[in-house]
Amino acid sequence: MGARFEAVVGPVAHGGHCVARVGEESRVVFVRHALPGERVVLEVTEGTEGDRFWRADAVEVLEASPDRVEPPCPYAGPGLCGGCDFQHVVLPRQRALKAEVVREQLSRLAGLDVAVEVEPVPGEPPHETDGLRWRTRQRYVDLPGGRRGMRKHRSHEVVEVADCLIAGPPATHVVDDLEFGVDDAGFWQVHPGAPSVLVSTVVGMLAARPGERVLDLYAGVGLFARFLAAEVGDPGLVTLVEGDRRACAHAEANVPGATVRHGDVGAVLSALPLEPVDLVVLDPPREGAKRAVVEAVVARAPRAAAYVACDPAALARDVAIFAEHGYRLTALRAFDLFPMTHHVECVALLQPAGT
């Protein structure tokens, strides 16, 4: 730690950093605050001689990328707040970097060659051109005297923050003029345009028909289920599965007439009768749905499954499991729901081969 090296930065990698190689052993270093093609001085922040790779910050830029800008936030940079990864990058290039990551993960983990474009969110707040003030919920560390701070990257150390530039007004929990009940601490997308764009994408991809049966997994408070119930014409055809008990209570009120089941998604599916369904929505946490859930889905032979993913690696792993069972990726959209960070939201459509 603390050693400095001069290096030419290589491609972007999943996690908000780029890859570089240093030393006679050409050791891999994951570098933050850099851009592909730049020549930088990097300082090692994690790693020992015996490690397979190191982590580092670019502390000096010797040859800058044309896509580099001065970070708008004074707390963004080496040794400062760890909340944003790409404040030093112009917004269009941020989206291009995220697209490269999604494409690379699908190639490496699912064996797919897929064209990817990360789209801006329609109807963003006034800062749509600069990627700021979009986050409707923010966590801070309380400091003495009523001050607040945020943690450094991969650290418990705190940086005092007077104003987080990606923080915006609180969420309204309204989608296309429909109000949803949500706990104060419950899950709701943090970008104000996210619920609408995700609903329209999922509903459009699935193209539900009247009378079809729907299974909504990791259903939260019923965001997707409520709109799909309207599409199939009967909420009684919709079953929601959600692990948070309070979210289930809200889902029952948000989607009256639907069946709401509380519990671990894999455990609930294994206990349910193995009856066919027509459509499935999966919106799993960052680690993905994993094999047991994917296999429980394909065992019900849906004609289409929409997978909402906040982590491209987890998505790619689960897409590969779907492929083992004859389901192929037929559509993919990616959205920049988290500007200035490395995070990206994808919606994938999976259908039986030959569809």
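To be clear, the structure that these remarks concern was listed above.
Residues numbered from 1 in each chain as written. Predicted model: local features only at pLDDT ≥ 70, side-chain atom pairs only at ≥ 80, totals over all residues. Heavy atoms only, no water.

A. Quick peek at the packing of aromatic side chains. Applying the stated criterion to the full structure yields six aromatic pairs. Their ring planes at 65 degrees and their centres at 5.0 Å tell us that phenylalanine 30 and phenylalanine 53 sit as a pair that is edge-to-face. Remark: phenylalanine 53 occurs in strand 6 (residues 53-63) and phenylalanine 30 occurs in strand 4 (residues 27-32); sequence separation between them is 23 residues. Residue class for phenylalanine 53 comes out partly exposed when judged on its relative accessible area of 28%. One aromatic cluster in this structure is built from Phe180, Trp188 and Phe227. The side chain of arginine 148 reaches across the aromatic face of tyrosine 140, ending 4.0 Å from its centre. Note that arginine 226 overlies the ring of phenylalanine 180, its terminal NZ or CZ placed 4.7 Å from the centroid. (Phe/Tyr/Trp six-rings, centres within 6.5 Å; stacked < 30°, edge-to-face > 60°. Helix = DSSP H or I, 4+ residues; strand = E, 2+ residues; numbered from the N terminus. Buried < 20%, exposed > 50% of the residue type's maximum accessible area, 1.4 Å probe, protein only. Lys NZ or Arg CZ within 6 Å of the ring centre and 35° of its normal.)

B. Representation of the layout of surface pockets in the model. Counted as a void, the second largest pocket has a volume near 360 Å³. Elements that contribute at least two residues to the lining of the second largest pocket include exactly strand 4, strand 5 (39-46) and strand 6. Classifying every residue of the lining of the second largest pocket by side-chain character gives six nonpolar, eight polar and eight charged. (1 Å grid on protein atoms, 1.4 Å probe; cavity = no way out; pocket = protein on both sides within 12 Å on 5 of 7 lines; lining within 4 Å. Points joined across faces, edges and corners; volume = space filled by probe spheres on them. Nonpolar A, V, L, I, M, F, W, Y, C, P; charged D, E, K, R; others polar.)

C. Layout of the pairing of strand 4. With five of six residues buried, strand 4 lies mostly within the body of the structure. Judged from the five bridges that link them, strand 3 (residues 17-22) and strand 4 form a sheet pairing that is antiparallel. Across the sheet, residue cysteine 18 finds its bridge partner in strand 4, namely valine 31. Here strand 3 hands over to strand 4 after four residues, with glycine 23 in that stretch at a positive phi of 75 degrees. (Pairing = 2+ DSSP bridges.)

D. Geometry of unusual backbone geometry. Phi at serine 26 takes a positive value of approximately 50 degrees, unusual for a residue other than glycine. Note that serine 26 resides in the loop between strand 3 and strand 4. Overall, the relative accessible area of 33% leaves serine 26 in the partly exposed class.

E. Seen up close, empty space enclosed by the protein. Evaluation of the coordinates by the stated rule reveals two cavities of 30 Å³ or more. When its volume is computed, the largest cavity comes out at roughly 70 Å³. Taken together, 13 residues form the lining of the largest cavity, with His14, Gly15, Lys98, Val101 and His342 sitting closest to its centre. Put simply, the parts of the chain that give the lining of the largest cavity at least two residues each are strand 2 (12-13) and helix 1 (91-110). Broken down by element, the lining of the largest cavity gets its largest block of residues, four residues, from helix 1. Of the residues in the lining of the largest cavity, the class split is eight nonpolar, four polar and one charged.

F. View of the sheet that holds strand 1 (residues 4-8). Pairing within the open sheet is mixed, and its six strands lie in the order 1-5-6-4-3-2. Every interior strand has two partners, whereas the edge strands, strand 1 and strand 2, have only one.

G. Structural context of the nonpolar core. Among the nonpolar cores identified, the biggest contains 58 residues, and Leu206, Phe224 and Leu240 are the most heavily contacted of them. The element best represented in this core is helix 2 (residues 194-206), accounting for eight residues. Leave out the neighbours within four places in its chain, and leucine 240 touches Asp216, Ala219, Gly222, Ala225, Ala251, Val255, Ala258, Thr259, Val260 and Arg261. The next biggest cluster of nonpolar side chains, apart from the first, holds 40 residues, and it includes Ala289, Val297, Phe322 and Leu332. (Core = buried A, V, L, I, M, F, W, Y, C linked by side-chain atoms within 4.5 Å. Contact = heavy atoms within 4.5 Å.)

H. Here's a closer look at the sheet that holds strand 13 (residues 214-217). Strand order in the open sheet made by the eight strands is 7-18-19-17-16-13-14-15, with mixed pairing throughout. In the strand order of this sheet, the two ends are held by strand 7 (118-119) and strand 15 (259-262), each with one partner. As defined by bridge partners, strand 16 (residues 279-282) adjoins strand 17 (residues 304-309) across four bridges and the pair is classed as parallel. The partner of leucine 279 across the bridge, within strand 17, is alanine 304. In the packing of helix 6 (residues 290-298) onto the sheet, contacts are made with strand 13, strand 16 and strand 18 (327-335), and the angle to strand 16 comes to roughly 165 degrees. (Axes fitted to C-alpha atoms, helices over the stretch in contact; angles between N-to-C directions.)

I. Structural view of the state of the cysteines. Counted according to the given criterion, the structure contains zero disulfides. In this model cysteine 81 remains outside any disulfide bridge; the closest cysteine sulfur is found in cysteine 84, 6.4 Å from its own. (Disulfide = S-S within 2.5 Å.)

J. Spatial organisation of the packing of helix 6 against helix 7 (residues 312-324). As a packed pair, helix 6 and helix 7 sit with axes 10 Å apart at the nearest point and diverge in direction by 40 degrees. With respect to their mutual orientation, helix 6 and helix 7 come out oblique. Read as a crossing pair, helix 6 and helix 7 show a hand that is right-handed. Residues Lys290, Arg291, Val294, Glu295, Val297 and Val298 of helix 6 lie in contact with helix 7, whose contacting residues are Asp318, Ile321, Phe322 and Glu324. Taken together, the residues of the contact of helix 6 with helix 7 break down into five nonpolar, no polar and five charged. (Parallel < 35°, antiparallel > 145°, perpendicular 65-115°, else oblique. Left-handed = near helix turned anticlockwise from the far one by under 90°.)

K. Molecular detail of the packing of helix 1 against helix 7. Contact pair helix 1 / helix 7: the axes reach a minimum separation of 8 Å and the direction vectors enclose 35 degrees. Considering how the two elements wind past one another, helix 1 and helix 7 form a crossing that is right-handed. For the pair helix 1 and helix 7, the contacting residues are Val101, Val102, Gln105, Leu106, Leu109 and Ala110 in the first and Pro312, Ala313, Ala316, Arg317, Val319 and Ala320 in the second. Tallied by class, the residues present in the contact of helix 1 with helix 7 amount to ten nonpolar, one polar and one charged.

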